[in-house]
Amino acid sequence: MDIKCVITDDEPIARKGLKGYIDKVDFLTLTGECEDAVQLNNLLNTTIPDLIFLDIEMPLMSGLDLLATLRNPPMVIITSAYERYAIKGYEFDVADYLLKPISFERFLKSVNKVHSLFEKKANEAHIDYIFVKSGKHLVKVFFKDILFIESMENYIVIHTVSSKETVYLTLKNIHSSLPDNFIQVHRSYIINMDHIQSIEGNQLILGNNKITIARNQREEVFNAILNNRLISR
């Protein structure tokens with residue numbers, strides 16, 4: 001498993017040290033270096049790494065301030081000289097918090113933890129269906145057959161290529177059981193990106209259905225859908 005990572009730190013010495021550590025670990029590949037959070041934000045608009053090594057105190061914007069603006073950030077390991085930010089960092093569900101100066105032993109323990117998390121996620125991805133209770137029946141639904149999932153107050157409707165299953169669940173409950181090709185595009189819709197046929201303005205076309213993208217999620221959704229797949233002249 002190859003984990004693509006980006007270093008973001010305003011101190012050249014700190015970036016050099018992390019780069020040296022990354023070079024020693026076979027499953028890590030450095031794909032970018034940023035001097036501050038603004039550069040990182042620009043990078044994330046064009047590519048999505050698997051892991052970010054993120055400093056906190058930087059010019060213009062702190063690492064935590066940037067995290068607060070990201071809806072679905074990559075996995076993050078905080079690298080900071082200040083222990084006081086640790087609790088706040090974990091509120092953003094970061095993978096680890098490394099205090100500078102960082103020893104290679106502590107670095108290795110942290111990235112091994114991240115590697116295990118990615119392996120667990122990959123293993124879970126092999127599960128290609130779920131059972132849902134629709135009426136009095138437990139119905140087997142394959143992820144590949146789901147077009148989109150619609151929220152209807154206290155229940156959801158799972159629209160597949162051949163059926164509609166009404167389930168007493170919320171979007172939030174089912175989202176955690178779905179693979180990465182599913183993305184919430186509106187407070188009422190989760191869609192399967194594999195079934196997108198076209199994009200018309202602010203709408204996604206899936207089969208005979210048009211799903212509107214929420215205005216405040218437009219950039220995030222377009223980044224996830226296109227993800228370097230847009231070919232233009």
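Predicted model only: the values in this text are computed from it and were never measured. (Residues numbered from 1 in each chain as written. Predicted model: local features only at pLDDT ≥ 70, side-chain atom pairs only at ≥ 80, totals over all residues. Heavy atoms only, no water.)

Visitor: Could you clarify how one ought to interpret the sheet that holds strand β15 (residues 209-212) in this entry?
Guide: Through backbone hydrogen bonds, the strands of a sheet pair up, either in parallel or in antiparallel fashion. The three strands are arranged β13-β14-β15 in an open sheet whose pairing can be described as antiparallel. The outermost strands of the open sheet, each flanked by one partner alone, are β13 (198-200) and β15. On average, adjacent strands in this sheet sit at an angle of 30° to one another, irrespective of strand direction. Judged from the four bridges that link them, strand β14 (residues 203-206) and β15 form a sheet pairing that is antiparallel. Of the residues in β15, the one forming a bridge with I205 is K210. (Pairing = 2+ DSSP bridges. Helix = DSSP H or I, 4+ residues; strand = E, 2+ residues; numbered from the N terminus. Axes fitted to C-alpha atoms, helices over the stretch in contact; angles between N-to-C directions.)

Visitor: Got a minute to help me understand a nonpolar patch on the surface in this structure?
Guide: A cluster of nonpolar residues, Y129, F131 and L138, forms a patch on the protein surface that exposes about 330 Å² of accessible area. Mapped onto the elements, F131 comes out in strand β6 (residues 129-134). Looking at F131, the relative accessible area reads 51%, which means it is exposed. (Patch = residues over 30% accessible without salt bridge, like charges linked within 9 Å, V, L, I, M, F, W, Y side chains within 5 Å. Areas by Shrake-Rupley, 256 points an atom, 1.4 Å probe, with all protein chains shown as cover. Salt bridge = Lys/Arg side-chain N within 4 Å of Asp/Glu carboxyl O. Buried < 20%, exposed > 50% of the residue type's maximum accessible area, 1.4 Å probe, protein only.)

Visitor: Looking at this structure, how should I read the packing of aromatic side chains?
Guide: The way to describe two aromatic rings as a pair is by their centre distance and the angle between their planes. Enumeration according to the criterion identifies ten aromatic pairs in this entry. Between the aromatic rings of Y90 and Y97, the centroid separation amounts to 6.4 Å while the plane-to-plane angle is 40°, which identifies the pairing as tilted. The exposure class assigned to Y90 is partly exposed, which follows from its relative accessible area of 42%. Assessed through its relative accessible area of 8%, Y97 is described here as buried. Seen in terms of ring centroids, F143 and F182 are 6.3 Å apart; in terms of plane orientation they differ by 65°. Their pairing is edge-to-face. (Phe/Tyr/Trp six-rings, centres within 6.5 Å; stacked < 30°, edge-to-face > 60°.)

Visitor: Would you take a moment to explain the pairing of strand β8 (residues 146-152) for this structure?
Guide: For a regular strand, side-chain orientation follows a simple rule: the groups alternate between the two sheet faces. Of all seven residues in β8, five are buried; the element is thus mostly enclosed. In this structure, β8 lies alongside strand β9 (residues 155-160), joined through six bridges in antiparallel fashion. By the bridge assignment for β9, I146 is matched with T160. Two elements, β8 and strand β12 (residues 189-192), share three bridges in a ladder whose sense is antiparallel. Within β12, the position partnered with E150 by the bridge is Y189.

Visitor: Could you clarify how one ought to interpret helix α1 (residues 12-23) in this entry?
Guide: Residues spaced three or four apart along an α-helix point in a common direction, a consequence of the helix completing one turn every 3.6 residues. Its twelve residues place the ends of α1 16 Å apart at the C-alpha level, agreeing with the 16 Å of an ideal helix rising 1.5 Å per residue. Buried residues of α1: A14, R15, L18, Y21 and I22, and no others. What you see down the axis of α1 is that its buried residues fit within an arc of 125°, all on one side. Among the exposed residues of α1, those oriented more than 90 degrees off its buried face are P12, I13, K16 and D23. (Expected span 1.5 Å × (residues − 1). Arc of directions from axis to C-beta.)

Visitor: Could you clarify how one ought to interpret the sheet that holds strand β5 (residues 96-99) in this entry?
Guide: A sheet is described by the order of its strands in space; here five strands give the open sequence β2-β1-β3-β4-β5, paired in parallel fashion. Lying at the two open borders of the sheet, with one neighbouring strand each, are β2 (28-34) and β5. Averaged over all pairs of adjacent strands, the angle between strand axes in this sheet comes to 20°, irrespective of strand direction. Pairing geometry for strand β3 (residues 51-54) and strand β4 (residues 75-80), over four bridges, is parallel. Considered in β4, the bridge of F53 is made with I77. α1 contacts β1 (3-8), β2, β3 and β4 of the sheet and is inclined by roughly 165° relative to β2. Its contacts with the sheet place helix α2 (residues 37-44) against β1, β2 and β3, and it is angled at close to 120° to β2. (Contact = heavy atoms within 4.5 Å.)

Visitor: Hey, could you run me through the environment of D145 in this one?
Guide: Of note, D145 is situated in the loop between β7 (137-142) and β8. Along the backbone, D145 and S163 are 18 residues apart, and their C-alpha atoms lie at a distance of 9.4 Å. Those residues within four positions of D145 in sequence are excluded, and the remaining contacts are H159, T160, V161 and H195.

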